[in-house]
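Next come the chains, spelled out residue by residue.
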Amino acid sequence: MINSTTKLVGLLGHPIKQSFSPSIHNYLFKKYNQNNIYCCFDVKESDLEEAVRSIKTLNMRGCNVTIPHKVNVMKFLENIDKNARLIGAVNTIKNDEGFLTGYNTDGLGFVKSILDKGYDLNNKKIMIIGAGGSSRSIAVQLASNKVKSIEIRNRSIQKAMDISEIIRDNFKIASTYSNKTIDKNDIEDIDILINTTPVGMESNECPIDESIRVKGDLLVCDIVYKPQNTSFIKWAKSNNLDVVYGIDMLINQGLEAFYIWTGIKPSKEDELYLKGLYYD
Ligand code: ATR
């Protein structure tokens, strides 16, 4: 019930498209007796500083931040978590009595999706397709989990090189990059293959040549969540490979934000319930 002590949590973005966050967080706040309410705010770029200031003025518990503010918001915060700084973007803000700390839970949510399946990331060889913000957050978080190596494949080489450098310099983990199209040999030795490009979103394009046949225990992950069964996921299933869906990462980045604000880790049942709302 909303009363005089209810605290506000918000999403700052522009435009605010259909968001999963209010239903995830309002469900969890109710379930765990957290007297908070989650609302979305359409904030123009020119109003961002004022919106961030109002987190303090209104004594909000925190915020999520989405496109196009994930980078610009950083300059208005008192503190930025180490990995969010390396990623160069913030999607979650926690308000500790006027002291705002920025975090990035995109990569955390992705890693949680893999660990939830019972995978051990230690010593694994990773290939990430794409070199945008999502690739960066996933690469940094995987590197924090002591994987063996990370190769970045992207059509434009500079961004791939930048991510590789961040990984090598900050985590002392082997990282290579290339703009070559992926062939069978490239993935034969890989443990986890991740698509972070929008290829396959609202189309049946695939980020890999679908005629490639793979054997073994390669784990295939797509961050595209609509459709759930992208061509990349279908390709993996046709090779009898295990998969992680984009919707898993989407829900899990929300669960990680909830943990940052409340210190509560939602149960397995909550996760399954929330994923169930969105699985095709
Ligand atoms: P996000 O923040 O979700 O990571 P992004 O920053 O726009 O989104 O990055 C998307 C990535 O997918 C980029 O690396 C982009 O390649 P460029 O760096 O060359 O722009 C890649 N990408 C987008 N559309 C693509 C396509 N049709 N084929 C291959 N790669 C694509």
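Everything that follows concerns the structure shown earlier in this document.
Note that the structure is a prediction, hence the values are computed from the model and not measured.

Break down the overall build of the chain for me, citing the residues and quoting the values.
The secondary structure content of the chain amounts to ten helices and twelve strands. Here the C-alpha coordinates of the chain stretch approximately 60 × 35 × 35 Å along the principal axes. Here the chain holds 280 residues, and the buried ones make up 41% of them. Looking at the chain alone, contacts between residues at least 24 apart form 65% of all its contacts between residues at least 6 apart.

Any chance you could break down the site of the ligand for me, citing the residues and the numbers?
Neighbouring residues of the ligand: 14 residues in total, closest Gly132, Gly133, Ser134, Ser156 and Thr197. A per-element tally of the shell around the ligand places helix α5 (residues 133–144) first, with three residues. Residue classes in the shell around the ligand are distributed as three nonpolar, nine polar and two charged.

I'd love a proper account of helix α4 (residues 106–116), names of residues and values included.
Among the eleven residues of α4, nine are classified as buried, and the element is accordingly described as predominantly covered. For α4, the set of buried residues is Asp106, Gly107, Leu108, Gly109, Phe110, Val111, Lys112, Ser113 and Ile114. Buried residues along α4 sit against α3 (82–87), α5, β12 (242–244) and α9 (246–262). Downstream of α4 by a residue or two, Gly118 has a phi angle that is positive, lying close to 90 degrees.

If you had to explain the sheet that holds strand β5 (residues 92–96) to someone new, which residues and values would you point to?
Pairing within the open sheet is mixed, and its six strands lie in the order β2-β1-β3-β5-β6-β4. Of all strands in the sheet, those with a lone pairing partner are β2 (36–42) and β4 (79–80), marking the two edges. When strand β3 (residues 62–65) meets β5, the two strands line up antiparallel, connected through three bridges. Its bridge partner being in β5, Gly62 is matched across the sheet by Lys94. Strands in contact with α9 are β1 (7–13), β3, β5 and β6 (99–103); relative to β5, the strand with the most contacts, it is inclined by about 10 degrees.

Run through the pairing of β2, naming residues and quoting values.
Across seven bridges, the pairing between β1 and β2 is parallel. Counterpart to Leu12 in the pairing with β2 is Phe41. After leaving β1, the chain enters helix α1 (residues 21–31) and then returns to the sheet as β2, a path that is right-handed.

Let's hear about the sheet that holds strand β11 (residues 219–222): which residues, and what values?
Ordered by their spatial adjacency, six strands build an open sheet running β9-β8-β7-β10-β11-β12, and the pairing between neighbours is parallel. Whereas interior strands pair on both sides, the edge strands pair on one side only; in this sheet they are β9 (174–178) and β12. The sheet shows a mean angle of 20 degrees between the axes of neighbouring strands, direction not considered. Bridge count between strand β7 (residues 125–129) and strand β8 (residues 149–153): five bridges; the pairing is parallel. If you follow Ile126 over to β8, its bridge partner there is Ile150. Those strands touched by helix α6 (residues 157–171) are β8 and β9, and its axis lies near 180 degrees from that of β9.

Procedures and definitions
Residues numbered from 1 in each chain as written. Predicted model: local features only at pLDDT ≥ 70, side-chain atom pairs only at ≥ 80, totals over all residues. Helix = DSSP H or I, 4+ residues; strand = E, 2+ residues; numbered from the N terminus. Buried ≥ 20, exposed ≤ 12 C-beta atoms within 10 Å, placed from the backbone. Contact = placed C-beta atoms within 7 Å. Near = placed C-beta within 6 Å. Nonpolar A, V, L, I, M, F, W, Y, C, P; charged D, E, K, R; others polar. Pairing = 2+ DSSP bridges. Axes fitted to C-alpha atoms, helices over the stretch in contact; angles between N-to-C directions. Right-handed = clockwise from strand over helix to strand, strands pointing away.

Keep in mind these numbers describe shape, not what the thing actually does.
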